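Chain residues, written in single-letter form:
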Amino acid sequence: MSGASLPWLAALRQRLGTRHVLTSPAELLSYESDALTLFRCKPAAVVLPANAEEVAFTMALLHEHGVVCTPRGAGTGLSGGALVPEGGVILSTTRMQAIVEIDGEERRAYVEPGVVNAKLSSAVAHLGLRYAPDPASQSVCTLGGNVAENAGGPMCFLHGTTSQHVLAADVVLADGTRQRWGHLCADGHGPDLRGLLCGSEGSLAVVVGLWLRLMPVPERVTTMLAAFPSVTAACAAVSGIVAAGLRPVALEVMDQRAIEAVENSVYRSGLPREAGAVLLVECEGHEQQVVQESAAVEAMLRAKNPLQLERGDDPARRIALWKGRKGAGGALGRLAPDSYVMDGVVPRSQLAAIMEFVEEVEEEVGLPVANLFHAGDGNIHPHFAYDGRDPEQAAKVERAGAQILEKCLELGGSLSGEHGIGLEKQHLLDRQFSADTLRVMHQVGQWLDPHDCLNPRKGLPLGRGCAEAFHRHGGGAV
Amino acid sequence: MNAVLSTHDIQKESELPALLRETSQDQQRLWPCGRQSRIHRVFHHEPQAEHIVSTAGLQNIHWLDREDQTCEVDVGLSPLALQQELAPLGLELGVDSPSHEAGTLGGLFLSREVNFLHQAYGHAREQVLGMRAYLADGTQVQTGSRVVKSVAGYDLTRLLLGSEGRLAVVTRLTLRLHPRPKSLDWRRMPTASWPDLRQSLPTPRYAFQLAHQQGLFVAWPSPLPQAAARWPQLDSAQGEAARLELLHAFAECPQRVAYSRRPRILNTGTFDWNSLQQPWTESERLPSHDSEAQMIPPRQVPPSWAALRRALAPQAPHFGPQDD
Ligand SMILES: Cc1cc2nc3c(=O)[nH]c(=O)nc-3n(C[C@H](O)[C@H](O)[C@H](O)COP(=O)(O)OP(=O)(O)OC[C@H]3O[C@@H](n4cnc5c(N)ncnc54)[C@H](O)[C@@H]3O)c2cc1C
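Conventions used here
- Residues numbered from 1 in each chain as written.
- Chains lettered and ligands numbered in written order.
- Predicted model: local features only at pLDDT ≥ 70, side-chain atom pairs only at ≥ 80, totals over all residues.
- Heavy atoms only, no water.
- Domains from an automatic or database assignment.
- Contact = heavy atoms within 4.5 Å.
- Buried area = accessible area lost by both parts, 1.4 Å probe.
- Salt bridge = Lys/Arg side-chain N within 4 Å of Asp/Glu carboxyl O.
- Buried < 20%, exposed > 50% of the residue type's maximum accessible area, 1.4 Å probe, protein only.
- Helix = DSSP H or I, 4+ residues; strand = E, 2+ residues; numbered from the N terminus.
- Pairing = 2+ DSSP bridges.
- Axes fitted to C-alpha atoms, helices over the stretch in contact; angles between N-to-C directions.
- Parallel < 35°, antiparallel > 145°, perpendicular 65-115°, else oblique.
- Nonpolar A, V, L, I, M, F, W, Y, C, P; charged D, E, K, R; others polar.
- Near = heavy atom within 4 Å.
- Polar contact = N/O pair within 3.5 Å; in protein donor to acceptor, adjacent residues only side chain to side chain.
- Areas by Shrake-Rupley, 256 points an atom, 1.4 Å probe, with all protein chains shown as cover.

### A closer look at the domain arrangement of chain B
Residue and element names in this part refer to chain B. Split by domain assignment, chain B resolves into domain 1 (6-53), domain 2 (57-180) and domain 3 (184-296). Contact with domain 2, which involves 13 residues of that partner, is made by 18 residues of domain 3. For the domain 2 and domain 3 pair, buried surface summed over both sides reaches about 1200 Å², with 55% attributable to carbon and sulfur atoms. Taken together, the connections running from domain 2 to domain 3 amount to three salt bridges. R243 is paired through a salt bridge with D96; the nearest N and O atoms lie 2.3 Å apart.

As structure tokens, this is what we get:
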């Protein structure tokens, strides 16, 4: 599509400056997909507004011209959420990176949506505070993107996902209207649109500002790494810890393939290659509490006969214990030209069952799968390594993904714990929710965006057939 | 004022769709409620609607998974009854409130009840993973899921929470549960000022003040943080009995303040600021909506309950309280 002649483009260039409206094929290339490369679509243009006013102007203008728009943060999403259908515009928040206000006494901060997650914790560290949600992509992904996907991370087992840390959001609706959703005091009147926004995948409103909750840095932190002969044994240890009423902040498992990948990469951290799985447990809180709780966790782990058990109480040792887990995503990305990182949830008592099923599926498709998971939340992330240039492999991987997600549902789980539905899982949503419930979700969408201008065809299965339009391989499993 | 034409004590969910369809056809107001304890407290009158539907008779625990720390319960159960089921399993609901005995779980989560455990487990709404609800036109909606983490479709649970019966009749709740601390350490701090305490001590589980008693009541799960032991204290107590005694005193005290991030005044009617040792600074009082509004220039007022209800069930515009 040649954008040069479009009237709205001229208006955007005039208001935002030519430099901030991208249309050349080379510039648009990196906006063709997010971190899920199974789907691709080149936008007509990418706009880079500097502030909320420019976002409101852009949305109002595009709305008037009937042009669809998708907000985008860092593009690290893993469900195809930040793609726009052909002819549409991507609104990138990368120029909106200000941490506008830090209120140490009230433990909250006001940020623009393009602020990178990890930067907020760094900016408030001198006050003894931190921002708790810690997705593994935190050094790159944006807080706006985190809200849109209701991002989680290892620490979310105890502290909850992004939604629990958003006090209020300033948003721009599809027609350019600005509103504040949420309140700075505990609760206010009217529907909890702040809560609805979290996980809405950029399809209800563009986030232009966020009041986020900050938490005190704990007095003491202890990390333990236990190696077990099998994933099932690691899962049994997780169940034991949870059932004993212990409340660690994180419970993370890596299987043998993930360990191998880490140990063969620059993230090598001395993980035991012979282990079937490693379990990382972290306890935090005040001194006495952590001493007592970590002793109980350690006793519980020992009772499960680990192959190896290590403990870190000082920051250097703890960082070393986490190094492998933190680098695992990157290490796995190097195993093959493409990787497909899945996201599903089961009740945590069903972890062993779902992992057995993943193994069966792996055998069936004949492609390697590595597993990293937030075991405390029952949130699994099988990583398939494949070559996307081979359409057969891509189709196989997608089919395998769908099978695993269906099994998650069968075990009482959910299609997504933190990556969202995006384009990837639309076709499965009617297995999780009844037709009536989906219709009501659709009505909510229509209420806030009646013309379906904002990130259309995402999240809900109502644009059935639309995912195929983005499909790199012509719609393998969809 | 609407004259009450009918009162329905629902005993089975299956009675609801037909009843809802019937009343919405007549364009009459229907007010879903539990035992009405909070309605009386907040609205100071009987529910004003042609049709009152009480879900207090729905009392089942459909399942309770100890290992997953989740359960699905009917809304008519009282919070106290659920806590009594959970205690022997070493679990608890992440909400503690003054209306635990009189009210229902539906009333607790569908209104904006205070949560004493806000500091330990967050807002009451964070404890709800999913719901079963019937819209004004009788449509059954099942929101959320039974797992503790889910991002799938729009989070309709958030819209129903706090709606006070304006959107739907909710019949079931899927709840997140928590390990119950083995023991609580209570302290009464004499001249404690909340900001100082909050800055220098790990977050307590409870913190509140009663007008007729000197000092600030705080509690941590045992073991007590060392820093707390260093604070001067008037009194100390341990365990569940102390909790019950203090919470009862709290419920009965007309001049009381619960502290979360900022003090929360629970009863402003007879509140006498000067009778207390002003434990907060002026700037820490609840912000007026004006000061919040100054942060961001032109904005429109967010949509109301009425607008949302019209979007969800356009043919049945009268539901719940009239104040939206
Ligand atoms: C290696 C790796 C590890 C990861 N680990 C985790 C993890 O541990 N936990 C986790 O939850 N996720 C993880 N992710 C996924 C991803 O990082 C998160 O979903 C993140 O929240 C996306 O942020 P982003 O800025 O990249 O958003 P994008 O990918 O740019 O966008 C994601 C969605 O958000 C919407 N959006 C973006 N900005 C806005 C805005 N301002 N207003 C409205 N909508 C907006 C987009 O439209 C899109 O639907 C990982 C990804 C990678 C590649």
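Here the narrative resumes, following the displayed structure.
### A look at the pairing of strand β9 (residues 178-182) of chain A
Residue and element names in this part refer to chain A. Burial within β9 is extensive, with five of its five residues counted as buried. Note that strand β8 (residues 166-172) and β9 share five bridges and pair antiparallel. Its bridge partner being in β9, D170 is matched across the sheet by R180. In this structure, the hairpin formed by β8 and β9 is closed by a connection of five residues, where G176 is found at a positive phi of approximately 95°.

### Here we look at the pattern of salt bridges
Scanning the entire structure with this criterion turns up 39 salt bridges over all chains. The salt bridge partner of R325(A) is E252(A), with a shortest N-O separation of 3.0 Å. Remark: E252(A) occurs in strand β13 (residues 250-255) and R325(A) occurs in helix α11 (residues 315-333); sequence separation between them is 73 residues. Here E252(A) falls in the buried class, since its relative accessible area comes to 2%. Here E310(A) and R317(A) are joined by a salt bridge, their closest N and O atoms 2.1 Å apart. If you follow the salt bridges from partner to partner, you end up with D192(A), R194(A), R125(B), E126(B), D155(B) and R158(B) in one network.

### Examining the environment of K326(A)
Position of K326(A) relative to the elements: it lies in helix α11. Distance in space between the C-alpha atoms of K326(A) and H63(A) is 41 Å, their sequence separation being 263 residues.

### Some remarks on the packing of helix α1 (residues 7-16) of chain A against helix α3 (residues 52-64) of chain A
Residues and elements named next belong to chain A. Packing of α1 against α3 leaves a shortest axis separation of 10 Å and a crossing angle of 170°. On the basis of the axis angle, α1 is roughly antiparallel to α3. Between α1 and α3, the contacting residues are W8, A11, L12, R15 and L16 on the first element and E53, E54, F57, T58, L61 and L62 on the second. The residue makeup of the contact of α1 with α3, split by class, is seven nonpolar, one polar and three charged.

### Topic: the site of the ligand
Residue and element names in this part refer to chain A. Around the ligand, 34 residues are found, and the nearest of them are P71, G73, T76, S137 and T142. Between the ligand and the protein, one listed contact pairs an oxygen atom with a backbone N or O atom of A74 at 2.9 Å. Contact distances for the ligand include 2.7 Å between an oxygen atom and a backbone N or O atom of G77. In the complex, the protein chains occlude 91% of the 970 Å² of accessible area that the ligand would expose alone. Within the residue set of the shell around the ligand, elements represented by two or more residues are β3 (69-72), α5 (143-149) and β10 (206-213). Residue contributions to the shell around the ligand peak at five residues, all from α5. Taken together, the residues that form the shell around the ligand break down as 14 nonpolar, 16 polar and four charged.

### Observations regarding unusual backbone geometry
Most peptide bonds are trans, and most residues other than glycine sit at a negative phi. The step from S222(B) to P223(B) runs through a cis peptide bond, and the omega angle for that step is 0°. Topologically, P223(B) is positioned in the loop between β12 (216-221) and α8 (226-230). Although it is not a glycine, R107(A) adopts a positive phi angle of roughly 55°. Within the element layout of this structure, R107(A) appears in the loop between β5 (99-103) and β6 (108-111).

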